[in-house]
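Descriptive analysis of the structure
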Amino acid sequence: VQLQASGGGLVQAGGSLRLSCAPSRIILSVFTESDIGWYRQTPGKQRELVASTTAVGIINYADSVKGRFVISRDNARKRVLLQMNTLTPEDTAVYYCFGRILGRDYWGQGTLVTVSS
């Protein structure tokens, strides 16, 4: 299993970006039973949870992104989307997709999000 992350880039403060995380080589039933989330990390800081969605529909957000970010599952395409709105320079980080699939943990490659002021 590999987690394909995409969607990062450069955006001005107040703008929006959408990240996508798509586990490869899994069937739909496995995808729907997986927990998928996004973490982010900046230099010198620990990786922190941004948002996550579990197989049973529990969604969590970091306090810093509540009301601005929305995580959702697109079962038709077997991917998890992170819609990021009203971005601020403090959201600048490398974002990592995380998946707990069939009891194992996987990390995707990071995707850089840069928010300019």
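Here the structure is shown first, and the text comes after it.
Numbers given for residues are sequential positions, taken from 1 along each chain in its written order. The predicted origin of the model limits local features to residues at a pLDDT of at least 70 and limits the giving and counting of side-chain atom pairs to 80 or more, whereas totals for whole chains, interfaces and linings rest on all residues. The basis for every side-chain value is the complete set of heavy atoms in the structure, and neither hydrogens nor water enter the calculation.

Examining the nonpolar core
Formed by 28 residues in total, the largest nonpolar core has its most connected members in Trp38, Val50, Phe69, Leu82, Met84 and Tyr95. With four residues, the single largest contributor to this core is strand E9 (residues 93-101). Contacts: residue pairs with any heavy atoms within 4.5 Å of one another. Other than its neighbours up to four places away in sequence, tyrosine 95 contacts Leu19, Trp38, Tyr39, Arg40, Val50, Phe69, Met84, Gln109, Gly110, Thr111 and Val113. Nonpolar cores are built from buried Ala, Val, Leu, Ile, Met, Phe, Trp, Tyr and Cys residues. Side-chain atoms within 4.5 Å join them into one set. When a residue's accessible area, from a 1.4 Å probe over protein chains only, is under 20% of the maximum for its type it is buried; when over 50% it is exposed; and in between it is partly exposed. Secondary structure is summarised from DSSP: a helix means a run of H or I of at least four residues, a strand means a run of E of at least two, and numbering begins at the N terminus for each.

So, the state of the cysteines
Throughout, disulfides are identified as pairs of cysteine sulfur atoms within 2.5 Å of each other. Per the counting criterion, the structure on display carries one disulfide. In this model cysteine 21 forms its disulfide with cysteine 97; the gap between the sulfur atoms is 1.6 Å. Between cysteine 21 and cysteine 97 the disulfide shows an S-S torsion of about -60 degrees. By sign, it is left-handed. In this pair, cysteine 21 sits in strand E3 (residues 17-24) while cysteine 97 sits in strand E9, placing the two residues 76 residues apart along the sequence. The pair cysteine 21 / cysteine 97 is uniform in exposure class, with both members buried.

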